[in-house]
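Residue-level listing of the chains:
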Amino acid sequence: MKISNRIFALTGAVSTKGKLGARVPTLAAIMAVASITAAPSAALSEYPEKVIEIVVPFAPGGGTDTIARVLAEEMTKGLGQSVIVDNRPGASTMIGSKIVAEADPDGYTLLMASFAHAVNPSLNPNIQYDTATAFAPIALVAKSYNILVVNQDSPFKTVEELITYAKEHPGELNYGSFGNGTSAHLSAELFNHLAGTDITHVSYKGAAPALTDLLGGQIQMVFTSVASVAGQISSGALRPLAVTSAERSAAFPDLPTIAEAGVPGYVSDAWYGLYAPAGTPQEVIGVLNASVQKAIGSEALKKFEKSEGLIFEPGTPEDLAAFVKIQEDRWSEVAKAQGLSVE
Amino acid sequence: MELFSDLALGVSTALSPFNLLYCFIGVLLGTAIGVLPGLGPVATIAMLLPLTFGLDPVSALIMLAGIYYGAQYGGSTTAILINLPGESSSVVTAIDGYQMAKKGRAGAALATAALGSFFAGTVATILLALAAPPLAAVALKFGPTEYFSLMVLGLVASVALASGSLLKAFIMIVLGLLLGLVGTDIESGAQRFTFDTPELMDGMNFVALSMGVFGLGEILRNLEHEQTRSVMVKRVSGLMLSKEEFKRIIGPVLRGTTIGSVLGILPGGGAMLSSFAAYALEKKSSPNKAEFGQGAIEGVAAPEAANNAGAQTSFIPMLTLGIPSNSVMALMIGAMIIQGITPGPNVITDEPTLFWGMIVSMWIGNLMLVLLNLPLIGLWVRMLTIPYHLLFPAIIAFCCIGAYSVNNSTFDVFIMATFGLIGYGLIKLDFEPAPLLLGFILGPMLEENLRRAMLLSRGDPTVFVTHPISLVMLLVAVIMLAVIVLPSIRAKREEAFSE
């Protein structure tokens, strides 16, 4: 299921082109499942009695979207109701988040939140909802981390060497990010903040152009997700120096954490968490949390452990709230210290 | 030979059943819109962009390319049969093609068009395959500095692209640049012209904008004067060329192919100009001068070969440098950006399956067109009888769904509607919308790379002339600018477009 099939099904109905027509059965299948399962649960009048939508604030195809789709499929099996993904990309997740913040708190519109969720309050003054009060936490789906990579020709073999050089030659090194406020940007600013370095931020629109310039030697380092550079690391084109998580990763057991490698206290987590609008009944949150716990134990999600560098930890809604609070505080501190907020 | 292993990769990509299917859909659709007057490949590709997102980038671009060169074929079919060129590039084909049809030689004219196009397409495809590797060698040397100069060159080229007044083209480019400024500043994250609207934070949607300006704008204009189309379908018989006719077309096809291949690479040249140029050349040099206008077979062969070769070679600057030579190519670049591919010299090395798959698919597509067109002529002509009042509402509904589906956003539908009106206004005022689109696409890339280059050089502007590749491109841009501005050449240029 790539890209909103519903839309393609609609276009298929209007146009008579064969290619589009082929998409229609998918819609029919979804609707058939929905209508069959809707009947008995409606009789019990218990949650869930209709299709649940998970709003993904990104375009189809990226990491968050892929995880949300597999999660939705697993939750569908457990809940006996269709759980579908609705992509609402844009404005560094604020468009999709706003839709969920303003949705009915009935448990049928959920938000797949990630890194930007905890960053937007401190970076975007024109945010149109209150992150602290507009959402009810359900569960942390997974944690992840970034990986610090340099070009294979880079003189830096360790983080210490990089820091020593950066301190001796202030303002000479550049790091690439995937845009303002992305985890690539903030992981590096946290590094500057804690290591006392002055490595210049060069912003790109997305991972691909930034990694191209890293390969071409225009920039010297990038903090990025495991999935985006796994190929270049195994081919030897890029050299990993460290991971940003608190503990070493299962995928790269030999790689130190940045904290171990010379920046004590450094942690930068990537994460994926499920939220409902504030005011959603506790029983509904309970049903959804249980469903997520079951899904993250499934084989389908386990296979992302290595490829996407995910770490699954069972937990309560309160655990998610506490985890995200730490994130918000961390990035608000970095934003203030490094002067990142836009006015 | 690396070329052969590359081509082998292309063959295996293009011959996958999935890609064959999309190639077929593309050429079929292209032929259909080529037949219908008023709906060009630009409008069609703009409208189909959202549908390609769910596809693999290779399949998507193969289909879009198919639409483009398929339209060149379709346009000549109606030009010959009913003196109604479906495409601007087939206008000249109608002159002698229709005369031939009146004399009962419609079959021969169609066969000439098909064979000439196929030959030209084959030559141009080989040319494209040969031109690519040398350009790919410089790929990794392209940093922000080089990209900036490339964008400058692209913008200067797009002034030359405009077929009307230079001043108006310039105004359109600036307007496009301004529209491209809307959104979040990439370095600082500041909001520009977003008026606190989250939907504008990522900039205006390229698909909605181009569907509005090209698709809706063109439909509105067509509605203004509904053509009455009297379709008289003659029986098309005798597709075979006589031996003498065959001999007569060899020269014109070769010359047409050459002219088309060269003009196609140049910005603004493309298919239309090359068909005019090829026809003019034959008319002046042919031993059968007197027959021209009365049904000379050379008058069909030369422009048809030229427009197809031009359509094909216009992919060269797009695929190897990421610079669009016409608005169809600008849309293709948009499609690549949306697919997460950065257009430029990197495409050949980073996406070899895309690059070589597309090249080979073009040749296969051309072959399909030859086989497809002759049996389907009757169908195409019947399609002309669909009244506009049924066709256009369906297309508009299709556009709305397409614009919505990009970001699942109603805001984008309104953007499209607004730009539909703007596009109509531009047509009425005789402004070409193509430079606007180019400004909109190239502007943000220009700014981004300029600022990135300055950031990396720590504010030293001399990098643009000390980097050799960048210097060369800036020099070419200066020469081009001089050429456009010089009065004598300018007069010639206007003459060429008014012909």
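Criteria and thresholds
Residues numbered from 1 in each chain as written. Chains lettered and ligands numbered in written order. Predicted model: local features only at pLDDT ≥ 70, side-chain atom pairs only at ≥ 80, totals over all residues. Heavy atoms only, no water. Helix = DSSP H or I, 4+ residues; strand = E, 2+ residues; numbered from the N terminus. Buried < 20%, exposed > 50% of the residue type's maximum accessible area, 1.4 Å probe, protein only. Contact = heavy atoms within 4.5 Å. Areas by Shrake-Rupley, 256 points an atom, 1.4 Å probe, with all protein chains shown as cover. Pairing = 2+ DSSP bridges. Patch = residues over 30% accessible without salt bridge, like charges linked within 9 Å, V, L, I, M, F, W, Y side chains within 5 Å. Salt bridge = Lys/Arg side-chain N within 4 Å of Asp/Glu carboxyl O. pLDDT = per-residue confidence, 0-100. Buried area = accessible area lost by both parts, 1.4 Å probe. Polar contact = N/O pair within 3.5 Å; in protein donor to acceptor, adjacent residues only side chain to side chain. Nonpolar A, V, L, I, M, F, W, Y, C, P; charged D, E, K, R; others polar. Phe/Tyr/Trp six-rings, centres within 6.5 Å; stacked < 30°, edge-to-face > 60°. Lys NZ or Arg CZ within 6 Å of the ring centre and 35° of its normal. UniProt positions renumbered as here; feature names shortened; annotations may be inferred. Arc of directions from axis to C-beta. Axes fitted to C-alpha atoms, helices over the stretch in contact; angles between N-to-C directions. Parallel < 35°, antiparallel > 145°, perpendicular 65-115°, else oblique. Core = buried A, V, L, I, M, F, W, Y, C linked by side-chain atoms within 4.5 Å.

1. Regarding the overall build of chain B
Check the secondary structure of chain B and you find 22 helices and two strands. Taken across its 499 residues, chain B has 60% of its residues classed as buried. Sequence-distant contacts in chain B: of pairs separated by 6 or more residues, those separated by 24 or more amount to 80%. When the accessible surface of chain B is split by element, carbon and sulfur atoms take 71% of a total near 18,700 Å².

2. Remarks on the pairing of strand β2 (residues 83–87) of chain A
Residue and element names in this part refer to chain A. In terms of residue burial, β2 counts as a mostly covered element, since five of its five residues are buried. Residues Val-83, Val-85 and Asn-87 line one face of β2 and the alternating positions Ile-84 and Asp-86 line the opposite face, and both faces are buried. Examined bridge by bridge, strand β1 (residues 52–56) and β2 share five bridges and lie parallel to one another. In the sheet register, Val-56 faces β2, and the bridge partner there is Asn-87.

3. With respect to a nonpolar patch on the surface
Residues and elements named next belong to chain B. Taken together, the side chains of Leu-115, Phe-119, Phe-246, Ile-250 and Leu-254 define a hydrophobic patch exposed on the protein surface, amounting to about 430 Å² of accessible area. Secondary-structure elements contributing two or more residues to the nonpolar patch are α6 (106–136) and α10 (243–265). By residue number, the principal contributor to the nonpolar patch is α10, which donates three residues. Among the secondary structure elements, Leu-254 is positioned in helix α10.

4. Thoughts on the confidence of the model for chain B
Looking at chain B as a whole, its pLDDT mean stands at 81, while 88% of the residues score no less than 70. Of all the helices and strands in chain B, helix α22 (residues 487–498) of chain B carries the lowest mean pLDDT, 59, while helix α18 (residues 410–428) of chain B carries the highest, 92.

5. Examining the interface of chain A and chain B
A common way to express how large an interface is: the accessible area buried when the components associate. Counting residues at the interface gives 42 residues for chain A, matched by 40 residues for chain B. In total, about 3,400 Å² of surface goes out of reach between chain A and chain B, with carbon and sulfur atoms giving 59% of it. There are one salt bridge connecting chain A and chain B. Here Glu448(B) and Lys205(A) are joined by a salt bridge, their closest N and O atoms 3.2 Å apart. Taken together, chain A and chain B are joined by 13 residue pairs in polar contact (both at pLDDT 80 or more). Of all elements in the fold, only α1 (5–14), α2 (18–21), β2, α5 (94–101), β6 (200–203) and α9 (207–215) of chain A reach the threshold of two or more residues within the side of chain A that touches chain B. For the side of chain A that touches chain B, the element with the highest residue contribution is α1(A), accounting for five residues. Partitioning the side of chain A that touches chain B into residue classes produces 16 nonpolar, 17 polar and nine charged.

6. What to know about the pattern of salt bridges
All names here are of chain B. Counted by the stated rule, this structure contains 17 salt bridges over all chains. A salt bridge links Arg-248 to Glu-298, with the shortest nitrogen-to-oxygen separation between them at 2.9 Å. With Arg-248 in helix α10 and Glu-298 in helix α12 (residues 298–313), the pair connects residues that are 50 residues apart, well separated along the chain. For Glu-298, a relative accessible area of 3% gives the class buried. With its nearest N and O atoms 2.8 Å apart, the salt bridge here joins Arg-452 to Glu-448.

7. Observations concerning the packing of aromatic side chains
All names here are of chain A. Scanning the entire structure with this criterion turns up 15 aromatic pairs over all chains. Between Tyr-129 and Phe-135, the aromatic rings sit 5.6 Å apart at their centres with planes inclined by 85°, giving edge-to-face as the arrangement. The structure contains a cluster of three or more aromatic residues connected by ring pairs, namely Tyr-129, Phe-135 and Tyr-275. Directly above the ring of Tyr-108 sits Lys-50, whose terminal nitrogen or CZ lies 4.8 Å from the centroid.

8. So, the UniProt feature "transmembrane region" (unreviewed entry) in chain B
Per the UniProt record, the feature "transmembrane region" (unreviewed entry) sits at residues 108–132, 152–182, 259–281, 321–342, 354–381, 388–407, 413–442 and 463–489 of chain B. For residues 388–407 of chain B, the helix share is 100%, the strand share is 0%, and the end-to-end C-alpha distance is 30 Å.

9. Re helix α10 (residues 226–235) of chain A
An α-helical segment advances 3.6 residues per turn. Residues three or four places apart therefore align on the same side. Residues and elements named next belong to chain A. Every buried residue of α10 is listed here: Val-226, Val-229 and Ile-233. Angular distribution of buried residues about the axis of α10 spans 90°; they occupy a single face of the element. In this structure, α10 carries Ser-234 and Ser-235 as exposed residues pointing more than 90 degrees from its buried face. Looking at the residues trailing α10, positive phi occurs at Gly-236, about 90°.

10. Notes on the packing of helix α9 (residues 206–224) of chain B against helix α19 (residues 433–456) of chain B
Residue and element names in this part refer to chain B. For the pair α9 and α19, the least separation of the axes is 11 Å and the interaxial angle reads 175°. With respect to each other, α9 and α19 are oriented roughly antiparallel. From α9, Phe-206, Leu-209, Ser-210, Val-213 and Phe-214 reach across to α19, where they touch Pro-433, Ala-434, Leu-436, Leu-437, Phe-440 and Ile-441. Of the residues contributing to the contact of α9 with α19, the split by class is 10 nonpolar, one polar and no charged.

11. A short note on the nonpolar core
Among the nonpolar cores identified, the biggest contains 115 residues, and Met204(B), Leu209(B), Phe315(B), Met332(B) and Met358(B) are the most heavily contacted of them. For this core, the element with the most residues is helix α16 (residues 352–383) of chain B, which contributes 12 residues. Not counting residues within four places of it along the chain, the set of residues in contact with Leu209(B) comprises Leu179(B), Met204(B), Ile415(B), Phe419(B), Leu436(B), Leu437(B) and Phe440(B). Of all hydrophobic cores here, the second largest spans 34 residues; its members include Met75(A), Ile138(A), Ala139(A) and Ile296(A).

12. Here's the deal with the confidence of the model for chain A
Residue and element names in this part refer to chain A. Per-residue confidence for chain A gives a mean pLDDT of 83; residues scoring 70 or more make up 86%. Taking the mean pLDDT of every element in chain A, the minimum, 36, falls on α2 and the maximum, 95, on strand β3 (residues 109–114). Low pLDDT, under 50, characterises residues 1–44; the stretch is placed with 52 contacts to residues that sit more than four places away or in other chains.

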